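Geometric and topological summary
The primary structure of each chain is shown beneath.
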Amino acid sequence: MGSRNSQTCQIHNKIFTSLINNFTNTDLLILSDFSGGSIRDPKFLAQDLICKLKLEPLVTADNETHDYNLHFNFGIQNNSKQLKTINIIIDLEEQHLNLKPKTIYTSPSPTHQYCESKTNVLPNELGYQFEIKIDPESCLYISNTLWNPIDAINKTFESLCQQEPLHVIDYGTSCNGNKLSAYKTFQDRDLNKPLILITSGFHPTEGDTTATEAIAKWLLTTGKDNTKNVDFVIIPVVNPDGFTSGYNGCNTSGINLFWDFQNYNLKSCPEAYYLWEFIKQFPPNIYLDFHAYSIQGKQKKIGPYFKPEIFYFGKLTKEYASKMLKSLESLPGNKSQKLYAPSTLAYKITKTFNTITFAKYHLHQDLGIHGLQQLAINVVQNIVHTLNHCDLHDQILRPYGSRHKPYKDILSQMLYTCRYSLPKQLKKQFK
Ligand SMILES: [Zn+2]
(Lines give C-alpha, C1' and ligand atoms only; values in the text may rest on other atoms or scores of the structure.)
Protein backbone atom coordinates (compact mmCIF):
# COMPACT_ATOMS: atom_id res chain seq x y z
CA MET A 1 0.00 0.00 0.00
CA GLY A 2 1.10 3.57 -0.55
CA SER A 3 3.87 4.89 -2.74
CA ARG A 4 6.73 7.31 -2.56
CA ASN A 5 4.89 10.49 -3.34
CA SER A 6 5.93 12.63 -0.41
CA GLN A 7 5.96 15.65 -2.71
CA THR A 8 2.15 15.48 -3.03
CA CYS A 9 1.97 15.02 0.72
CA GLN A 10 3.97 18.15 1.42
CA ILE A 11 1.22 20.25 -0.11
CA HIS A 12 -1.39 18.89 2.26
CA ASN A 13 0.48 18.45 5.50
CA LYS A 14 -0.84 21.36 7.54
CA ILE A 15 -3.34 19.70 9.79
CA PHE A 16 -2.07 17.46 12.49
CA THR A 17 1.23 16.21 13.82
CA SER A 18 1.33 13.75 16.66
CA LEU A 19 3.53 11.59 18.76
CA ILE A 20 3.19 7.84 18.67
CA ASN A 21 5.08 5.85 21.30
CA ASN A 22 8.18 4.83 19.38
CA PHE A 23 7.84 7.31 16.54
CA THR A 24 9.23 10.79 16.49
CA ASN A 25 6.67 13.61 16.37
CA THR A 26 7.27 14.22 12.71
CA ASP A 27 6.75 10.60 11.72
CA LEU A 28 3.05 10.70 10.95
CA LEU A 29 0.82 13.51 9.80
CA ILE A 30 -2.93 13.40 9.35
CA LEU A 31 -3.98 15.10 6.14
CA SER A 32 -7.47 16.49 5.68
CA ASP A 33 -6.81 19.82 4.04
CA PHE A 34 -7.43 18.60 0.50
CA SER A 35 -10.41 18.60 -1.85
CA GLY A 36 -12.86 16.12 -0.30
CA GLY A 37 -10.99 15.72 3.02
CA SER A 38 -13.36 14.92 5.89
CA ILE A 39 -12.48 13.77 9.43
CA ARG A 40 -12.97 15.02 13.01
CA ASP A 41 -10.77 14.94 16.14
CA PRO A 42 -8.04 12.51 15.03
CA LYS A 43 -6.00 11.34 18.05
CA PHE A 44 -3.08 8.95 18.30
CA LEU A 45 -3.13 6.58 21.26
CA ALA A 46 -0.24 4.08 21.32
CA GLN A 47 -0.49 2.21 17.97
CA ASP A 48 -4.08 3.34 17.40
CA LEU A 49 -5.41 6.32 15.54
CA ILE A 50 -8.90 7.21 16.78
CA CYS A 51 -11.10 9.45 14.61
CA LYS A 52 -14.68 10.65 14.42
CA LEU A 53 -16.80 11.46 11.39
CA LYS A 54 -17.19 15.11 10.44
CA LEU A 55 -20.81 16.08 11.05
CA GLU A 56 -23.08 18.04 8.75
CA PRO A 57 -26.68 19.18 9.28
CA LEU A 58 -29.52 16.66 9.11
CA VAL A 59 -31.96 17.45 6.34
CA THR A 60 -35.70 17.63 6.91
CA ALA A 61 -37.94 17.83 3.86
CA ASP A 62 -41.43 16.54 3.09
CA ASN A 63 -41.95 15.42 6.71
CA GLU A 64 -38.88 13.16 6.69
CA THR A 65 -35.42 13.64 8.22
CA HIS A 66 -32.32 12.27 6.52
CA ASP A 67 -28.91 11.70 8.08
CA TYR A 68 -25.91 11.71 5.74
CA ASN A 69 -23.15 11.53 8.35
CA LEU A 70 -21.67 8.31 7.05
CA HIS A 71 -18.21 8.75 5.55
CA PHE A 72 -14.64 9.81 6.24
CA ASN A 73 -11.82 10.67 3.86
CA PHE A 74 -8.33 11.57 5.06
CA GLY A 75 -4.66 10.92 4.40
CA ILE A 76 -1.72 9.84 6.51
CA GLN A 77 1.79 10.91 5.64
CA ASN A 78 4.63 8.70 6.85
CA ASN A 79 7.75 10.85 7.10
CA SER A 80 9.91 8.09 8.53
CA LYS A 81 12.18 5.64 6.74
CA GLN A 82 10.23 2.64 8.12
CA LEU A 83 7.02 0.98 7.07
CA LYS A 84 4.30 1.97 9.56
CA THR A 85 1.35 -0.17 10.59
CA ILE A 86 -1.50 1.79 12.14
CA ASN A 87 -4.72 0.51 13.66
CA ILE A 88 -7.44 3.00 12.79
CA ILE A 89 -10.49 3.12 15.05
CA ILE A 90 -13.58 4.99 13.87
CA ASP A 91 -15.45 6.32 16.89
CA LEU A 92 -19.11 6.47 15.83
CA GLU A 93 -22.09 8.35 17.22
CA GLU A 94 -24.54 5.99 18.91
CA GLN A 95 -27.11 6.16 16.10
CA HIS A 96 -24.49 5.00 13.57
CA LEU A 97 -23.10 2.01 15.47
CA ASN A 98 -24.67 -0.51 13.09
CA LEU A 99 -23.01 1.07 10.04
CA LYS A 100 -19.79 -0.88 9.61
CA PRO A 101 -18.27 -0.76 6.11
CA LYS A 102 -17.41 -3.94 4.28
CA THR A 103 -14.56 -2.32 2.37
CA ILE A 104 -11.96 0.38 2.97
CA TYR A 105 -10.81 2.27 -0.13
CA THR A 106 -7.36 3.83 -0.50
CA SER A 107 -5.28 5.83 -2.95
CA PRO A 108 -1.72 7.17 -2.94
CA SER A 109 -3.11 10.46 -4.27
CA PRO A 110 -6.18 12.53 -3.30
CA THR A 111 -6.83 13.39 -6.94
CA HIS A 112 -7.33 9.82 -8.20
CA GLN A 113 -10.32 7.55 -7.69
CA TYR A 114 -9.73 5.33 -4.64
CA CYS A 115 -9.48 1.53 -5.00
CA GLU A 116 -10.62 -1.33 -2.78
CA SER A 117 -8.00 -2.23 -0.17
CA LYS A 118 -7.58 -5.71 1.27
CA THR A 119 -7.75 -4.66 4.90
CA ASN A 120 -10.40 -6.31 7.09
CA VAL A 121 -12.87 -4.19 9.00
CA LEU A 122 -13.45 -5.48 12.53
CA PRO A 123 -15.92 -4.47 15.23
CA ASN A 124 -14.67 -2.24 18.05
CA GLU A 125 -16.51 -1.00 21.13
CA LEU A 126 -16.33 2.55 19.77
CA GLY A 127 -17.46 1.59 16.25
CA TYR A 128 -15.07 -0.33 14.02
CA GLN A 129 -11.37 -0.69 13.29
CA PHE A 130 -8.98 -1.69 10.51
CA GLU A 131 -5.23 -1.85 9.97
CA ILE A 132 -3.36 0.24 7.42
CA LYS A 133 0.27 -0.08 6.34
CA ILE A 134 2.07 2.96 4.98
CA ASP A 135 5.35 2.69 3.10
CA PRO A 136 8.36 4.77 4.21
CA GLU A 137 8.20 8.43 3.12
CA SER A 138 4.78 7.95 1.56
CA CYS A 139 1.19 9.07 1.82
CA LEU A 140 -1.94 7.02 1.80
CA TYR A 141 -5.46 8.44 1.47
CA ILE A 142 -8.17 6.40 3.14
CA SER A 143 -11.97 6.35 2.99
CA ASN A 144 -14.91 4.09 3.80
CA THR A 145 -16.47 4.97 0.44
CA LEU A 146 -15.49 4.62 -3.20
CA TRP A 147 -14.25 8.20 -3.37
CA ASN A 148 -14.07 9.73 -6.82
CA PRO A 149 -12.46 13.19 -6.54
CA ILE A 150 -13.85 16.03 -8.62
CA ASP A 151 -10.46 16.62 -10.27
CA ALA A 152 -10.50 13.05 -11.59
CA ILE A 153 -14.11 13.35 -12.82
CA ASN A 154 -13.45 16.67 -14.57
CA LYS A 155 -10.34 15.25 -16.22
CA THR A 156 -12.27 12.22 -17.48
CA PHE A 157 -15.05 14.33 -18.99
CA GLU A 158 -12.62 16.86 -20.48
CA SER A 159 -10.89 14.05 -22.30
CA LEU A 160 -14.21 12.46 -23.39
CA CYS A 161 -15.22 15.82 -24.90
CA GLN A 162 -12.37 15.39 -27.39
CA GLN A 163 -14.60 12.77 -29.03
CA GLU A 164 -17.76 13.40 -31.05
CA PRO A 165 -20.58 13.78 -30.24
CA LEU A 166 -19.90 14.92 -26.62
CA HIS A 167 -19.99 18.69 -25.95
CA VAL A 168 -19.73 20.58 -22.67
CA ILE A 169 -22.07 23.38 -21.57
CA ASP A 170 -21.29 25.35 -18.41
CA TYR A 171 -24.74 26.25 -17.13
CA GLY A 172 -23.88 28.22 -13.98
CA THR A 173 -21.66 28.51 -10.94
CA SER A 174 -21.95 27.02 -7.45
CA CYS A 175 -21.91 28.87 -4.08
CA ASN A 176 -18.10 28.70 -4.06
CA GLY A 177 -17.75 29.69 -7.70
CA ASN A 178 -17.16 26.19 -9.09
CA LYS A 179 -18.36 25.62 -12.65
CA LEU A 180 -21.60 23.66 -13.11
CA SER A 181 -21.08 21.56 -16.24
CA ALA A 182 -23.35 19.43 -18.40
CA TYR A 183 -22.25 17.15 -21.24
CA LYS A 184 -24.57 16.67 -24.22
CA THR A 185 -24.47 14.31 -27.16
CA PHE A 186 -25.85 16.86 -29.67
CA GLN A 187 -24.89 20.24 -31.16
CA ASP A 188 -28.47 21.47 -31.53
CA ARG A 189 -31.41 19.76 -29.91
CA ASP A 190 -33.50 17.70 -32.39
CA LEU A 191 -37.05 17.83 -31.02
CA ASN A 192 -37.96 14.72 -33.01
CA LYS A 193 -35.70 12.73 -30.72
CA PRO A 194 -36.47 12.04 -27.06
CA LEU A 195 -34.07 13.56 -24.54
CA ILE A 196 -32.70 11.64 -21.55
CA LEU A 197 -31.16 13.66 -18.71
CA ILE A 198 -28.81 11.69 -16.45
CA THR A 199 -27.36 13.10 -13.24
CA SER A 200 -25.09 11.96 -10.40
CA GLY A 201 -23.02 13.66 -7.71
CA PHE A 202 -25.83 15.14 -5.62
CA HIS A 203 -24.28 13.34 -2.64
CA PRO A 204 -20.52 13.59 -3.19
CA THR A 205 -19.33 10.60 -1.19
CA GLU A 206 -21.54 7.96 -2.84
CA GLY A 207 -19.21 7.15 -5.75
CA ASP A 208 -22.18 7.32 -8.15
CA THR A 209 -20.16 9.37 -10.68
CA THR A 210 -18.69 5.98 -11.63
CA ALA A 211 -22.09 5.39 -13.29
CA THR A 212 -22.22 8.60 -15.34
CA GLU A 213 -18.58 8.20 -16.41
CA ALA A 214 -19.33 4.67 -17.61
CA ILE A 215 -22.45 5.79 -19.51
CA ALA A 216 -20.57 8.65 -21.23
CA LYS A 217 -17.75 6.30 -22.27
CA TRP A 218 -20.27 3.74 -23.53
CA LEU A 219 -22.18 6.37 -25.57
CA LEU A 220 -18.91 7.27 -27.30
CA THR A 221 -17.94 3.66 -28.09
CA THR A 222 -20.04 0.49 -28.17
CA GLY A 223 -23.25 2.35 -27.30
CA LYS A 224 -22.76 5.12 -29.88
CA ASP A 225 -25.68 3.92 -32.04
CA ASN A 226 -28.04 4.99 -29.26
CA THR A 227 -27.19 8.66 -29.90
CA LYS A 228 -28.71 8.42 -33.40
CA ASN A 229 -32.26 8.14 -32.08
CA VAL A 230 -31.96 9.66 -28.62
CA ASP A 231 -30.35 12.86 -27.30
CA PHE A 232 -28.53 12.63 -23.96
CA VAL A 233 -27.44 15.18 -21.38
CA ILE A 234 -25.15 13.97 -18.59
CA ILE A 235 -24.41 16.00 -15.47
CA PRO A 236 -21.87 13.99 -13.46
CA VAL A 237 -21.48 16.47 -10.59
CA VAL A 238 -24.61 18.36 -9.51
CA ASN A 239 -23.03 19.49 -6.22
CA PRO A 240 -19.34 20.37 -6.87
CA ASP A 241 -18.87 22.31 -3.60
CA GLY A 242 -19.89 19.21 -1.66
CA PHE A 243 -17.01 17.40 -3.39
CA THR A 244 -14.41 20.07 -2.71
CA SER A 245 -15.55 20.73 0.88
CA GLY A 246 -15.82 17.09 1.95
CA TYR A 247 -19.59 16.98 2.54
CA ASN A 248 -21.62 13.78 2.37
CA GLY A 249 -24.89 15.24 1.19
CA CYS A 250 -25.09 19.04 1.36
CA ASN A 251 -23.84 22.03 -0.55
CA THR A 252 -21.84 24.64 1.39
CA SER A 253 -25.04 26.37 2.60
CA GLY A 254 -26.03 23.11 4.32
CA ILE A 255 -28.79 22.33 1.80
CA ASN A 256 -29.19 18.73 0.70
CA LEU A 257 -30.37 19.53 -2.79
CA PHE A 258 -31.58 16.05 -3.60
CA TRP A 259 -34.25 16.11 -0.87
CA ASP A 260 -34.76 19.84 -0.88
CA PHE A 261 -34.29 21.08 -4.44
CA GLN A 262 -34.44 24.84 -3.84
CA ASN A 263 -34.61 25.92 -7.48
CA TYR A 264 -35.95 29.35 -6.38
CA ASN A 265 -32.96 30.07 -4.09
CA LEU A 266 -30.17 31.59 -6.18
CA LYS A 267 -28.29 32.84 -3.11
CA SER A 268 -27.97 29.66 -1.03
CA CYS A 269 -28.67 27.00 -3.63
CA PRO A 270 -27.33 28.21 -6.99
CA GLU A 271 -26.66 24.56 -7.91
CA ALA A 272 -30.43 23.94 -7.98
CA TYR A 273 -31.33 27.35 -9.43
CA TYR A 274 -29.02 27.00 -12.45
CA LEU A 275 -29.89 23.35 -13.01
CA TRP A 276 -33.57 24.29 -13.16
CA GLU A 277 -32.84 27.11 -15.65
CA PHE A 278 -30.85 24.63 -17.74
CA ILE A 279 -33.70 22.09 -17.65
CA LYS A 280 -36.10 24.79 -18.87
CA GLN A 281 -33.87 25.13 -21.95
CA PHE A 282 -33.76 21.36 -22.49
CA PRO A 283 -36.86 19.75 -20.96
CA PRO A 284 -36.13 16.02 -20.83
CA ASN A 285 -38.55 13.20 -21.62
CA ILE A 286 -36.77 10.94 -19.16
CA TYR A 287 -34.76 11.80 -16.05
CA LEU A 288 -32.41 9.32 -14.37
CA ASP A 289 -30.44 10.21 -11.24
CA PHE A 290 -27.81 7.76 -9.98
CA HIS A 291 -26.90 7.35 -6.30
CA ALA A 292 -25.08 4.51 -4.55
CA TYR A 293 -25.32 2.82 -1.19
CA SER A 294 -21.94 2.44 0.45
CA ILE A 295 -21.80 1.17 4.04
CA GLN A 296 -25.51 0.45 4.54
CA GLY A 297 -25.13 -3.28 3.92
CA LYS A 298 -27.27 -5.97 2.36
CA GLN A 299 -30.61 -4.66 3.59
CA LYS A 300 -30.37 -1.86 1.02
CA LYS A 301 -31.44 -3.02 -2.42
CA ILE A 302 -30.37 -1.73 -5.81
CA GLY A 303 -33.07 -0.30 -8.05
CA PRO A 304 -35.10 2.80 -8.90
CA TYR A 305 -37.38 5.07 -6.95
CA PHE A 306 -40.53 5.68 -8.95
CA LYS A 307 -43.50 7.97 -8.50
CA PRO A 308 -47.13 6.84 -8.59
CA GLU A 309 -48.51 6.90 -12.16
CA ILE A 310 -51.12 9.42 -11.04
CA PHE A 311 -48.47 12.18 -11.15
CA TYR A 312 -47.95 11.90 -14.90
CA PHE A 313 -50.22 13.80 -17.27
CA GLY A 314 -51.97 11.90 -20.06
CA LYS A 315 -52.76 8.24 -20.53
CA LEU A 316 -49.78 7.47 -22.76
CA THR A 317 -47.15 9.01 -20.47
CA LYS A 318 -48.56 7.00 -17.54
CA GLU A 319 -48.41 3.88 -19.69
CA TYR A 320 -44.80 4.52 -20.82
CA ALA A 321 -43.65 5.27 -17.26
CA SER A 322 -45.05 1.96 -16.12
CA LYS A 323 -43.49 0.07 -19.08
CA MET A 324 -40.07 1.55 -18.31
CA LEU A 325 -40.39 0.69 -14.64
CA LYS A 326 -41.19 -2.92 -15.55
CA SER A 327 -38.16 -3.11 -17.81
CA LEU A 328 -35.91 -1.78 -14.99
CA GLU A 329 -37.44 -4.21 -12.49
CA SER A 330 -36.46 -7.02 -14.85
CA LEU A 331 -32.74 -6.29 -14.29
CA PRO A 332 -31.29 -8.99 -12.00
CA GLY A 333 -31.39 -8.07 -8.30
CA ASN A 334 -33.23 -4.78 -8.90
CA LYS A 335 -36.12 -3.83 -6.67
CA SER A 336 -38.15 -0.65 -7.17
CA GLN A 337 -39.45 1.60 -4.38
CA LYS A 338 -42.27 4.12 -4.50
CA LEU A 339 -41.23 7.60 -3.34
CA TYR A 340 -43.50 10.57 -2.71
CA ALA A 341 -41.23 13.58 -2.15
CA PRO A 342 -42.62 16.79 -3.68
CA SER A 343 -39.57 18.89 -2.72
CA THR A 344 -37.24 16.82 -4.92
CA LEU A 345 -36.23 17.65 -8.48
CA ALA A 346 -37.87 14.39 -9.55
CA TYR A 347 -41.29 15.72 -8.51
CA LYS A 348 -40.79 19.28 -9.70
CA ILE A 349 -39.60 18.16 -13.13
CA THR A 350 -42.70 16.00 -13.65
CA LYS A 351 -45.09 18.65 -12.36
CA THR A 352 -43.64 21.28 -14.72
CA PHE A 353 -42.63 19.26 -17.80
CA ASN A 354 -44.27 15.82 -17.39
CA THR A 355 -40.85 14.14 -17.42
CA ILE A 356 -40.75 10.43 -16.57
CA THR A 357 -38.30 10.00 -13.69
CA PHE A 358 -36.29 7.29 -12.00
CA ALA A 359 -34.65 9.36 -9.30
CA LYS A 360 -32.89 8.15 -7.36
CA TYR A 361 -31.62 5.04 -9.10
CA HIS A 362 -29.79 3.28 -6.30
CA LEU A 363 -26.62 1.38 -7.10
CA HIS A 364 -24.63 -0.36 -4.36
CA GLN A 365 -20.85 -0.20 -3.91
CA ASP A 366 -20.91 -3.88 -2.95
CA LEU A 367 -21.28 -4.49 -6.73
CA GLY A 368 -17.66 -3.34 -7.16
CA ILE A 369 -16.56 -0.70 -9.69
CA HIS A 370 -17.16 -2.95 -12.70
CA GLY A 371 -20.58 -4.01 -11.39
CA LEU A 372 -21.61 -0.37 -10.85
CA GLN A 373 -20.52 0.56 -14.36
CA GLN A 374 -22.28 -2.38 -16.00
CA LEU A 375 -25.56 -1.88 -14.14
CA ALA A 376 -25.63 1.83 -15.03
CA ILE A 377 -25.19 1.00 -18.72
CA ASN A 378 -27.86 -1.73 -18.53
CA VAL A 379 -30.30 0.75 -16.99
CA VAL A 380 -29.83 3.18 -19.89
CA GLN A 381 -30.02 0.34 -22.43
CA ASN A 382 -33.35 -0.84 -21.00
CA ILE A 383 -34.78 2.68 -21.02
CA VAL A 384 -33.69 3.29 -24.62
CA HIS A 385 -35.08 -0.07 -25.69
CA THR A 386 -38.48 0.78 -24.17
CA LEU A 387 -38.34 4.28 -25.71
CA ASN A 388 -38.14 2.75 -29.19
CA HIS A 389 -41.76 1.66 -28.72
CA CYS A 390 -43.05 4.98 -27.35
CA ASP A 391 -44.31 8.11 -29.10
CA LEU A 392 -43.33 10.98 -26.82
CA HIS A 393 -44.19 13.88 -29.16
CA ASP A 394 -47.08 15.02 -27.00
CA GLN A 395 -45.44 14.46 -23.60
CA ILE A 396 -43.91 17.80 -22.54
CA LEU A 397 -46.26 20.31 -20.92
CA ARG A 398 -46.95 23.85 -22.15
CA PRO A 399 -45.28 26.31 -22.54
CA TYR A 400 -42.25 24.04 -23.06
CA GLY A 401 -44.13 21.52 -25.19
CA SER A 402 -47.61 21.04 -26.60
CA ARG A 403 -49.47 19.19 -23.85
CA HIS A 404 -52.21 20.75 -21.72
CA LYS A 405 -52.64 19.50 -18.17
CA PRO A 406 -55.92 17.52 -18.12
CA TYR A 407 -58.13 18.74 -15.21
CA LYS A 408 -58.88 15.14 -14.30
CA ASP A 409 -55.16 14.53 -13.67
CA ILE A 410 -54.74 17.74 -11.65
CA LEU A 411 -57.67 16.76 -9.45
CA SER A 412 -56.52 13.20 -8.82
CA GLN A 413 -53.01 14.47 -7.95
CA MET A 414 -54.48 16.92 -5.44
CA LEU A 415 -56.49 14.15 -3.82
CA TYR A 416 -53.44 11.89 -3.60
CA THR A 417 -51.38 14.67 -2.02
CA CYS A 418 -54.06 15.39 0.61
CA ARG A 419 -54.50 11.73 1.42
CA TYR A 420 -50.73 11.38 1.88
CA SER A 421 -49.91 14.61 3.70
CA LEU A 422 -52.89 15.05 6.00
CA PRO A 423 -52.18 12.13 8.39
CA LYS A 424 -48.50 13.19 8.63
CA GLN A 425 -49.42 16.77 9.43
CA LEU A 426 -52.03 15.73 12.00
CA LYS A 427 -49.49 13.43 13.64
CA LYS A 428 -47.02 16.33 13.85
CA GLN A 429 -49.71 18.61 15.30
CA PHE A 430 -50.59 16.22 18.13
CA LYS A 431 -47.04 15.17 18.95
ZN1 LIG B 1 -27.60 9.81 -2.54
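Going along each chain's sequence as written, the residues are numbered from 1 onward. Per-residue local features of the predicted model are confined to residues with pLDDT of at least 70, and side-chain atom pairs are confined, for both listing and counting, to 80 or more; whole-chain, interface and lining totals are unaffected and use all residues. The side-chain numbers reported here are obtained from all heavy atoms of the structure, hydrogens and water having been left aside.

Below, the discussion takes up the coordination of the zinc ion. Tetrahedral coordination by four donors places them ideally at 109.5 degrees to one another around the metal; octahedral coordination by six donors ideally gives 90 or 180 degrees. Because water is not among the atoms used, a metal site may look incomplete, as its donors are only the N, O and S atoms within 2.8 Å, or 3.2 Å for Na, K and Ca. Those donors, H203 (ND1), E206 (OE), E206 (OE) and H291 (ND1), are the protein atoms that reach the zinc ion, and they lie 2.1 to 2.3 Å from it. Coordination at the zinc ion is irregular: its four donor atoms span angles of 57 to 150 degrees at the metal. H291 gets classed as buried once you look at its relative accessible area, which sits at 0%. A site with four donors is called tetrahedral when every donor-metal-donor angle falls between 85 and 135 degrees; four donors are called square planar, and six octahedral, when opposite donors sit more than 155 degrees apart and all other angles fall between 65 and 115; any other arrangement is irregular. Think of it in three bands: with a 1.4 Å probe and only protein chains considered, a residue is buried below 20% of the maximum accessible area for its type, exposed above 50%, and partly exposed in between.

Our next topic: the sheet that holds strand β4 (residues 48–52). For two strands to be treated as a pair, DSSP must find at least two bridges joining them. Helix and strand definitions follow DSSP, with helices as H or I runs of at least four residues and strands as E runs of at least two, each counted in order from the N terminus. Taken in spatial order, the five strands make up an open sheet running β3-β4-β8-β12-β11, and their pairing is mixed. Single-partner strands in this sheet number two, and they are β3 (40–45) and β11 (122–124). Within this sheet the neighbouring strands show an average axis-to-axis angle of 30 degrees, counted without direction. Working convention: axes come from line fits to C-alpha atoms, limited for helices to the stretch in contact. Angles between N-to-C directions cover 0 to 180 degrees.

Working definition: a ring pair exists when centres of Phe, Tyr or Trp rings (six-membered ring for Trp) sit within 6.5 Å. Plane angles under 30 degrees give stacked, over 60 give edge-to-face, the rest tilted. The final tally for this structure, using the stated rule, is 21 aromatic pairs. Measuring from centroid to centroid gives 5.7 Å for F72 and F74, while their planes differ by 45 degrees, and the two rings are tilted. The exposure classification of F72 matches that of F74, with both residues buried. On the basis of an interplanar angle of 35 degrees and a centroid distance of 5.7 Å, the ring pair of W147 and F243 is categorised as tilted. Linking W147 in the loop between β13 (138–143) and α2 (150–160) with F243 in helix α5 (residues 240–245), this pair joins segments that are 96 residues apart in sequence. For the pair W147 and F243, a shared accessibility class is recorded, and that class is buried. Members of the aromatic cluster, joined through ring pairs, are F311, Y340, Y347, Y416 and Y420.

In the contact formed by helix α3 (residues 209–220) and helix α9 (residues 368–387), the axes pass within 8 Å of each other and the chain directions differ by 60 degrees. Between α3 and α9, the angle falls in the class oblique. Between α3 and α9 lies a crossing whose hand is right-handed. In this structure, α3 uses T210, A211, A214, I215 and W218 to contact α9, whose residues at the interface are I369, L372, Q373, A376, I377, V380 and Q381. Three classes are used, and their members are as follows: Ala, Val, Leu, Ile, Met, Phe, Trp, Tyr, Cys and Pro are nonpolar, Asp, Glu, Lys and Arg are charged, and the others, Gly among them, are polar. Class assignment of the residues belonging to the contact of α3 with α9 gives a composition of nine nonpolar, three polar and no charged. Any angle that is under 35 degrees is reported as roughly parallel, and any over 145 degrees as roughly antiparallel; angles of 65 to 115 degrees are reported as roughly perpendicular and all others as oblique. Definitions for this section: a left-handed crossing has its near helix turned counterclockwise from the far helix by less than a right angle. A right-handed crossing has that turn clockwise. The criterion used for residue contact is that any of the two residues' heavy atoms lie within 4.5 Å.

Further remarks concern the pattern of salt bridges. Between Lys or Arg on one side and Asp or Glu on the other, a salt bridge is scored when a side-chain nitrogen of the former is within 4 Å of a carboxyl oxygen of the latter. On inspection of all chains with the given rule, the structure shows 11 salt bridges. One salt bridge connects K81 with E137, and the closest N-O pair in it is separated by 3.0 Å. Highlighted residues: K81 in the loop between β7 (73–78) and β8 (84–91) and E137 in the loop between β12 (127–134) and β13, separated in sequence by 56 residues. Salt-bridge contacts for D231 lead to K193; the nearest nitrogen and oxygen are separated by 3.6 Å.

Okay, a positive patch on the surface next. Together, K102, K298, K301 and K335 line one region of the surface with positive charge. With respect to the helices and strands, K298 occurs in the loop between β18 (286–293) and β19 (303–306). Residue classification places K298 among the exposed positions, given a relative accessible area of 74%. Within the patch definition used here, like charges are joined within 9 Å and nonpolar side chains (Val, Leu, Ile, Met, Phe, Trp, Tyr) within 5 Å, considering only residues with over 30% relative accessible area and no salt bridge. All accessible areas in this document rest on Shrake-Rupley with a 1.4 Å probe, and a residue is counted as covered only by the protein chains that are shown. The charged-residue count follows a simple rule in which Lys and Arg add positive charge and Asp and Glu add negative charge, with His and chain termini not counted at all. For charged residues, the charge sits on one atom: NZ in Lys, CZ in Arg, CG in Asp, CD in Glu.

We now examine the pairing of β7. Counting buried residues along β7, six of its six residues qualify, which places the element largely inside the surrounding structure. A two-sided burial pattern is seen for β7, the buried positions comprising N73, G75 and Q77 on one face and F74, I76 and N78 on the other. Bridging between strand β2 (residues 28–31) and β7 involves four bridges; their strand directions are antiparallel. By the bridge assignment for β7, L31 is matched with G75. Where β7 lies against β13, six bridges are found, and the strand directions are antiparallel. Across the sheet, the residue bridging to N78 is S138, located in β13.

Next up on the list: the nonpolar core. Of all hydrophobic cores here, the largest spans 56 residues; its most connected members are I196, I198, L288, F290, M324, F358 and Y361. A per-element tally of this core places α9 first, with nine residues. The two domains that each donate at least three residues to this core are domain 1 (6–143) and domain 2 (150–412). Dropping the residues within four chain positions of it, I196 is found in contact with V230, D231, F232, V233, I286, L288, I383, V384 and L387. In this structure, A182, W276, Y287 and I349 belong to the second largest nonpolar core, which totals 35 residues. Throughout this description, the term nonpolar core refers to a set of buried Ala, Val, Leu, Ile, Met, Phe, Trp, Tyr and Cys residues connected via side-chain atoms within 4.5 Å. Annotation comment: domain bounds sourced from an automatic or database domain assignment.

This brings us to the confidence of the model for the protein chain. Note: pLDDT gives the predictor's confidence per residue, expressed from 0 to 100. On average, residues of the protein chain score 92 in pLDDT, and 94% of them are at 70 or above. Note that residues 1–25 has pLDDT below 50 and, in this model, 67 contacts with residues that lie over four places away or in other chains.

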